[in-house]
Amino acid sequence: MRGWIDIALEHLAGHAVCGYSPGQAPASEPTGLAAMALLLHGRTAAAQPALRHLAEAQCEAGGVGIRRGEPNPQWPTSLAILAWQTSQDVRYRENLHKAIDSLLAVRGETMPRTPDLGHDTTLSAWPWVAGTHSWVEPTALAVLSLKAVGQSEHPRTREAVRMLIDRQIPGGGCNYGNTFCLGQKLRPHAQPTGLALAALAGESKGASRITASVAWLARNIDARTPVQSLCWALIGLAAHGAAPKNADSWLQDAWRRVSDRGVSSYKTALVLLAAKKRLQIAN
Amino acid sequence: MSADAPLQLDRRALLAGGAAAAAGLAAWTAARRAFAPRAAVFVARDQRYDGPLEQTIRDGLTAVGVDVTQFRGKRVLLKPNLVEPSREIPHMTTHPAMILAAAAVFRRAGAAVTVGEGPGHVRDSEMALAESGVADALDSANLRFADLNYEETAWVKNAGRASDLEGFHFPRSVVEADLIVSLPKLKTHHWVGVTCAMKNLYGVIPGIKYGWPKNVLHHHGIPQTVYDINASLARTVAIVDGIDCMEGDGPIMGSLKRMGLILVGDNLPAVDATASRLMDLAPEAVTYLHLAADRLGPIADDRIEQRGEAWRPLASPFQILDKPHLNALRQRPGVRVS
């Protein structure tokens with residue numbers, strides 16, 4: 001009898017080029033995640049359409065837009081780097097190098113420190129959209145991709161790691177990227193905390209903040225946690241050796257919820273990545 | 001008098017000329033006021049989430065001249081506020097009962113109703129729906145949810161141009177809607193003072209294009225982009241959840257303030273101006289309302305026709321943060337400070 005992972009892989013293999021929800025136009029983020037999930041589960045051939053789609057969404061300067069024909073913003077570039085690097089396919093070597101150059105050319109806007117905001121606004125990492133401030137999730141994705149291609153010690157990666165640690169909220173966890181606003185401590189969320197923790201795997205500086213975030217995240221997910229947040233949370237916890245003992249059954253239940261609602265390929269890819277307990281990181 | 005002769009006017013002539021000019025100015029001002037936009041706003045008191053909300057909303061729409069039967073066969077998009085939902089802070093987000101009641105009003109009129117939102121601080125929209133209680137409500141009424149953060153978009157020219165953005169990428173559900181119903185929660189806002197029907201429409205902007213938070217808008221000015229978004233959308237009406245509200249450090253971390261009110265109107269600046277007065281905050285000091293005044297609608301009290309309850313007996317001061325950028329809200333005469 002086939003297990004749920006095989007069933008999920010079979011679905012994804014047929015819908016590797018996908019949008020955020022069934023029937024929606026393909027988008028680079030879900031397609032990149034689908035490519036990685038298929039590759040990590042050994043479905044190399046099934047991942048090819050997704051890898052090609054990402055190449056078709058790549059601009060001349062190397063950045064990958066949110067959808068083919070929509071060149072801006074280019075925050076999915078990090079996901080394309082992860083997918084092409086995971087494939088180890090020489091056909092995408094040039095795409096990969098151009099994407100890395102493009103990613104490194106983007107910097108979040110900084111501003112002088114202000115008592116109104118709790119985080120260090122002078123640290124530059126990655127924005128969602130060029131010309132704006134640095135935020136947690138695009139920075140975490142950029143760090144993951146740069147670490148994957150052997151750029152862990154690149155100055156941009158190091159500054160981004162400092163930024164991610166700085167954006168952890170005292171008491172644990174992070175949100176989209178604010179810690180305090182006008183003197184008020186803000187609330188953490190599971191998804192960005194999971195993503196940030198995945199990016200902070202192996203980091204020794206800021207250990208107490210990372211430990212607090214691991215503990216916060218472990219306390220704040222369970223079988224009922226919505227699929228996206230659950231998957232990123234489990235990937236982040238696994239990166240620190242803290243995967244909950246019930247993780248596999250939670251994921252199976254998450255897949256059941258996904259398949260009950262018209263099978264989102266985007267969420268299928270996330271569940272399959274979480275089942276691998278990692279994004280593939282070369283270094 | 002030759003063309004070269006110096007113009008000599010005696011005092012009487014000067015006074016006569018001045019009086020004529022003053023009369024002209026007064027006439028021009030009177031004419032301007034006469035032709036200035038007016039709008040109606042309905043206020044209902046003593047409202048509860050387990051009360052007859054559908055009837056109240058229907059009464060409100062009728063009172064402000066919105067005939068819901070015109071939307072038979074049309075697409076109506078309900079836009080609640082689900083900016084960063086938390087089960088621990090239900091007064092942050094539009095109550096599910098308000099969404100269901102508004103949906104029932106338009107559905108009974110024969111409209112195709114969709115609920116849409118692009119949460120500003122949360123990438124996981126399923127989490128936002130679950131934490132707000134809206135997921136269960138939508139399921140119970142078989143209502144479709146449009147995730148405005150991730151939908152395909154169409155570019156629409158910026159009709160406001162208070163900011164230098166040339167246009168907006170609006171989600172498909174927004175562009176295709178025949179009517180957009182802003183369903184905000186009545187709250188203070190720590191940067192712009194008040195968030196209600198106009199600011200709620202920040203949530204039609206897709207995160208996939210503008211980020212989480214929608215930082216592109218911040219970089220172009222919050223008041224300016226609130227104005228521009230409202231100027232660029234097609235027909236809108238507002239149904240305000242003013243039952244359990246938020247004061248203090250809104251729109252996320254503030255405290256519960258019970259008001260028991262529902263506001264309805266088809267002119268969003270007028271609705272927001274009335275909401276501000278109910279909060280005992282000066283609408284003229286809310287920058288996006290100042291921008292909108294007489295361009296998108298009236299905010300002056302004497303140009304807003306009150307339907308249902310009068311606002312004055314219902315006004316109750318909302319606490320606001322003691323910050324310099326909010327001082328204007330409470331330095332106006334008559335504005336009380338908690």
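These numbers were taken from a predicted model, which means no experiment stands behind them.

1. Section: the packing of helix α1 (residues 4-14) of chain A against helix α2 (residues 28-40) of chain A
Residues and elements named next belong to chain A.
Phase 1 of the analysis: Where α1 meets α2, the closest approach of the two axes is 10 Å, and the angle between their N-to-C directions is 130°. Judged by the inter-axis angle, α1 sits oblique to α2. With respect to the hand of their crossing, α1 and α2 are arranged in left-handed fashion. Between α1, through Leu9, Leu12 and Ala13, and α2, the contact on the second element is made entirely by Ala34, Ala37 and Leu38.
Phase 2 of the analysis: Of the residues that constitute the contact of α1 with α2, the class distribution is six nonpolar, no polar and no charged.

2. Details of the state of the cysteines
Phase 1 of the analysis: Scanning the entire structure with this criterion turns up zero disulfides over all chains.
Phase 2 of the analysis: Here A:Cys174 stays unpaired: no disulfide links it, and the sulfur of A:Cys181, its closest cysteine neighbor, is 16 Å away.
Phase 3 of the analysis: Free cysteine B:Cys245: the closest other cysteine sulfur is in B:Cys196, separated by 8.8 Å.

3. Points about the side chain of A:Ser213
Residues and elements named next belong to chain A.
Phase 1 of the analysis: In this structure, Ser213 sits in helix α9 (residues 207-219).
Phase 2 of the analysis: For Ser213, the side chain forms a polar contact with the main-chain nitrogen of Gly173, separated by 2.9 Å.
Phase 3 of the analysis: Leave out the neighbours within four places in its chain, and Ser213 touches Gln168, Gly172, Gly173, Thr193 and Leu197.

4. So, helix α11 (residues 268-278) of chain B
Residues and elements named next belong to chain B.
Phase 1 of the analysis: Across the eleven residues of α11, eleven count as buried, placing the element largely inside the fold.
Phase 2 of the analysis: Taken residue by residue, α11 has Leu268, Pro269, Ala270, Val271, Asp272, Ala273, Thr274, Ala275, Ser276, Arg277 and Leu278 as its buried positions.
Phase 3 of the analysis: The backbone nitrogen of Ala270 lies 3.1 Å from a side-chain oxygen of the residue at the head of α11, namely Asn267.
Phase 4 of the analysis: Two residues or fewer after α11 comes Asp280, characterised by a positive phi angle close to 65°.

5. Regarding the environment of A:Leu272
Residues and elements named next belong to chain A.
Phase 1 of the analysis: Looking at the element boundaries, Leu272 is found in helix α12 (residues 265-276).
Phase 2 of the analysis: Taking the C-alpha atoms as reference points, Leu272 and Leu12, 260 residues apart in sequence, are found 9.4 Å from one another.
Phase 3 of the analysis: Look past the residues within four positions of Leu272 in its chain and what remains in contact with it is Ile5, Ala8, Leu9, Leu12, Ala37 and His41.

What counts, and at which threshold
- Residues numbered from 1 in each chain as written.
- Chains lettered and ligands numbered in written order.
- Predicted model: local features only at pLDDT ≥ 70, side-chain atom pairs only at ≥ 80, totals over all residues.
- Heavy atoms only, no water.
- Axes fitted to C-alpha atoms, helices over the stretch in contact; angles between N-to-C directions.
- Helix = DSSP H or I, 4+ residues; strand = E, 2+ residues; numbered from the N terminus.
- Parallel < 35°, antiparallel > 145°, perpendicular 65-115°, else oblique.
- Left-handed = near helix turned anticlockwise from the far one by under 90°.
- Contact = heavy atoms within 4.5 Å.
- Nonpolar A, V, L, I, M, F, W, Y, C, P; charged D, E, K, R; others polar.
- Disulfide = S-S within 2.5 Å.
- Polar contact = N/O pair within 3.5 Å; in protein donor to acceptor, adjacent residues only side chain to side chain.
- Buried < 20%, exposed > 50% of the residue type's maximum accessible area, 1.4 Å probe, protein only.

So far we have only geometry, and geometry alone does not tell us how the molecule works.
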